[in-house]
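Survey of secondary and tertiary structure
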Amino acid sequence: MTMRRALLGPLGALLVATAVGSLLVLAYGQAPAQVWMLLLRGTWGNAYGIGQVLYKATPLMCAGLAVALPLRAGLFNIGAEGQLTVGALAAAVVGAHAARLPAPLAILLVIAAAALAGGAWASIAGGLRTRFGAHEVITTIMLNFLAAALVNWLGTRWLYLREAQHTAELAASARLPRLAVLASALHGSAASLALLVALALCGAAAWLLFRTRLGFEMRAVGLSPLAAETAHIALGRTTFVALALAGALAGVGSIAFVQGYKYYFEEGFTGGVGYMGIAVAVLARNHPLAIIPAALFFGTLSQGGLVVNFLVPKEMVDVLQAVVIVAVAVASAQLGRRGRA
Amino acid sequence: MSFLLQVVRITIPYALAALGGALSERGGVINIALEGTLLVGAFGGAVGAYYTHNALLGLLCGIGAGAALQLVHGLACVRWKADQIVSGLAANLLALGATRFFLKLCFDSTANSPRIAAWRTSAPFLIMALAAAFLAHGLLYGTRFGLRLRACGEHPEAARTLGVQVARVRLAAVALAGALAGLGGVWLAFDQHKFVDNMSAGRGYVALAAMIFGKWRPLPACAACLLFGLAEAAQIGLQASGIGLPTQLVQMLPYLMTILALTGGGGRARGPAALGTPYEAE
């Protein structure tokens, strides 16, 4: 598919979303043009807004990768939300006990904890799929509910501070500096160096997918499991590894919050980021590098929702997100079909 | 006895959603969207009953809302051939976002609707669910439409060759699924006499798993739903009894059972052959 064709879908989706959004704005008795202008000005119109968009986009990149990568192998990971939650708790607990370590080591250790915990959680779905053939769509969704309950139990029983719904703070050496150390204009926003980690992961995922044997095997399984098996690619192993990797990516998404912003784990901080990862992956057509602009787009929407919240409820953004997914999914089916003909 | 009644009562939304899932998936359309359909059904039921002060009209609104959401899903993936899982997930996000938006718009709340005029008993729902189960069974195995629907799910090309309008049949099945799951959603709202944000709480996904556990057949699917009703009732019972188990662990029960069901206790499940594939008319 040519570049121009590939852009047609997202542009069409943007148009449809603007139309639907305008209707919702009108339903709330406000002027669409005013709301859209305010949304743009509050996000990309000033340094603080840009910083907040970057902060929101950081976990979205990781969650988007966590959906896109296994989708290349034909697997739907709807569990990024749970993987993110489990990864966040692990990161917070490890980070709170890392006071004696030097900064670079402590930071890496926290990231590794998030990745390991998220990966392990996703591996449950991987194991259920390869061992019992249980479909990953439903098991990953169930694991989201289980993660929420498990984290709440562990937290209230052992890990949360007294009288609070969050864990102890990370040791100073385990925290990631804010992005303001690189660009002082961003001072005050929550964006941190976690953004660079997420960007690096997008690059690494592209390299893995298109330049390594494992990536080739994943794509082969996604295109035709039967043909892949005939070519002696181990289906079970590829499936398991793809889901475990996805979980690790989702887990790392939590560092934007835990390591770069609040410095502790708090329940409900994900705010559906894991599910938004699906939207990001769909918009990016599962290409790791396209994840970056897609995450920025949904980051803009989600920050923009907060900006216009005093005029129109921010829940409008959730509706628009769904509209974008449907429109892009329809567009890629229609354009792809014409492309083949 | 009252515990058994509780189980049957709690099973109602699961069973209605699972029946919808069976009809839709036997026609070849994967239905993750049941979760969102329960939610809009509940919202439609609550809004309808609130503004008309009439439970029956509320019920009809809920059914209509469910069918409407499923038609969006159906149009996207049957008519326009979008990926069925993506479309279903989007429908769920749409349901969650739209109910929150209109909850704010209609009742200026982020949590729940005001108290609505609803029936005090689940008996009408129980009768409707039982009737729906047997009607779905009869429809699927005893009518021309059912035969065509199953043909669309197994081998759409063959069905088309015999003159069946595949897209139209699948859309009809999806709309029916929406009406059934919408009715299940109305029970959720009526049972609490109000709409609560995200009150479907994963029941649509659980119902889908129960339907798979029942091997895509209406009556076994409903029987499987009883198991999940049992799990939820047990969870409520355990929480109320004050036995030393942590509530969070007890809450996990239905979700753990869902995973257990999918690991194929009772033989490997095989779905309709053409499940998930759009049909290309030439």
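Keep in mind that what you see is a predicted model, and the values were worked out from it rather than measured.

Before going further, it helps to examine the overall build of chain B. In terms of helices and strands, chain B carries twelve helices and zero strands. From first element to last, N terminus to C terminus, chain B shows the α and β order α-α-α-α-α-α-α-α-α-α-α-α. Compactness check: chain B gives a C-alpha radius of gyration of 18 Å against a globular reference of 19 Å for 282 residues, within 12% of the reference. For chain B, the spread of C-alpha atoms along the principal axes amounts to about 60 × 45 × 30 Å. Here chain B, with 282 residues, has 54% of them falling under the buried criterion. Across chain B, contacts joining residues at least 24 apart in sequence account for 80% of those joining residues at least 6 apart. As displayed, chain B has an accessible area near 11200 Å², and 64% of this comes from carbon and sulfur atoms. Treating the 20 positive side-chain charges of chain B as one cloud and the 11 negative ones as another, the clouds have centres 7 Å apart.

Moving on to the nonpolar core. The tendency in soluble globular proteins is for nonpolar side chains to be buried as a group. Core analysis: the biggest nonpolar cluster contains 195 residues, and F298 of chain A together with F190 of chain B have the highest contact counts within it. Per element, the largest residue contribution to this core is 13 residues, and it comes from helix α3 (residues 47-72) of chain A. Excluding residues that lie within four positions of it along the chain, F190 of chain B makes contacts with G45, A49, A55, G58, L59, I116, A118, W119 and F125 of chain B.

Take the pattern of salt bridges next. Under the defined criterion, the tally for this structure stands at eight salt bridges over all chains. For E217 of chain A, the salt bridge goes to R213 of chain A, with nearest N and O atoms at 3.1 Å. On the criterion of helical spacing, the pair formed by E217 of chain A and R213 of chain A is a turn pair, its members being four residues apart in helix α8 (residues 213-223). Its relative accessible area of 66% is what places R213 of chain A among the exposed residues. The residue R100 of chain B makes a salt bridge to D197 of chain B at a minimum N-O spacing of 2.9 Å. One end of the pair, R100 of chain B, is in helix α4 (residues 84-107); the other, D197 of chain B, is in the loop between α8 (166-192) and α9 (203-213), and 97 residues separate them in sequence. Among the charged side chains, a salt-bridge network with shared partners connects R213, E217 and R237 of chain A.

Here we take up the interface of chain B and chain A. With 39 residues of chain B at the contact, the number on the chain A side is 43 residues. Each partner contributes to the roughly 3600 Å² buried at the junction of chain B and chain A, and carbon and sulfur atoms together form 81% of this total. On the chain B side of the contact with chain A, L93, F101 and Q248 of chain B bury the most area, a combined 17% of that side's loss. On inspection of chain B and its partner chain A, the count reaches zero salt bridges. Of all elements in the fold, only α3 (55-79), α4, α9, α11 (247-251) and α12 (253-262) of chain B reach the threshold of two or more residues within the side of chain B that touches chain A. For the side of chain B that touches chain A, the leading source of residues is α4 of chain B, giving 13 residues.

We now examine the packing of α8 of chain A against helix α10 (residues 235-252) of chain A. Residues and elements named next belong to chain A. Two elements in contact, α8 and α10, have axes separated by 10 Å at closest approach and are oriented at 110°. Between α8 and α10, the interaxial angle falls into the category roughly perpendicular. Where α8 abuts α10, its residues L214, E217, M218 and V221 lie against L235, R237, T238, V241, A242 and L245. Each residue belonging to the contact of α8 with α10 can be placed in one class, and the counts come to seven nonpolar, one polar and two charged.

Moving on to the side chain of E35 of chain B. Residue and element names in this part refer to chain B. Within the secondary structure, E35 is located in helix α2 (residues 34-52). Although E35 is buried, it makes no salt bridge; R203 carries the closest opposite charge, 7.4 Å away. Setting aside its immediate chain neighbours within four residues, E35 contacts N92, N198, S200, A201, G202, R203, G204 and Y205.

With that settled, consider the environment of L159 of chain A. Residues and elements named next belong to chain A. For L159, the position within the fold is in helix α6 (residues 136-159). L159 sits in the partly exposed class, given a relative accessible area of 30%. Through-space distance from the C-alpha of L159 to that of F210 is 41 Å; in sequence the pair is 51 residues apart. Look past the residues within four positions of L159 in its chain and what remains in contact with it is L89, V93, L154, T167 and A168.

Here the focus is the packing of helix α4 (residues 80-96) of chain A against helix α5 (residues 103-132) of chain A. Residues and elements named next belong to chain A. Remark: α4 packs on α5, axes separated minimally by 7 Å, with the N-to-C direction vectors making an angle of 145°. Relative to α5, the crossing made by α4 is right-handed. Contacts from G82, Q83, V86, G87, A90, A91, V94 and G95 of α4 reach α5 at L109, V110, A113, A114, A117, G118, W121 and A122. Grouping the amino acids of the contact of α4 with α5 by side-chain chemistry returns eleven nonpolar, five polar and no charged.

Mapping Q52 of chain A onto the fold places it in helix α3. Among residues more than four places away in sequence, those in contact with Q52 of chain A are S189, A190 and Q303 of chain A.

About the thresholds
- Residues numbered from 1 in each chain as written.
- Chains lettered and ligands numbered in written order.
- Predicted model: local features only at pLDDT ≥ 70, side-chain atom pairs only at ≥ 80, totals over all residues.
- Heavy atoms only, no water.
- Helix = DSSP H or I, 4+ residues; strand = E, 2+ residues; numbered from the N terminus.
- Rg over C-alpha atoms; globule rule 2.2 N^0.38 Å.
- Buried < 20%, exposed > 50% of the residue type's maximum accessible area, 1.4 Å probe, protein only.
- Contact = heavy atoms within 4.5 Å.
- Areas by Shrake-Rupley, 256 points an atom, 1.4 Å probe, with all protein chains shown as cover.
- Lys, Arg positive; Asp, Glu negative; His and termini not counted.
- Charge placed at Lys NZ, Arg CZ, Asp CG, Glu CD.
- Core = buried A, V, L, I, M, F, W, Y, C linked by side-chain atoms within 4.5 Å.
- Salt bridge = Lys/Arg side-chain N within 4 Å of Asp/Glu carboxyl O.
- Buried area = accessible area lost by both parts, 1.4 Å probe.
- Axes fitted to C-alpha atoms, helices over the stretch in contact; angles between N-to-C directions.
- Parallel < 35°, antiparallel > 145°, perpendicular 65-115°, else oblique.
- Nonpolar A, V, L, I, M, F, W, Y, C, P; charged D, E, K, R; others polar.
- Left-handed = near helix turned anticlockwise from the far one by under 90°.

Any functional reading would require information beyond the geometric quantities listed.
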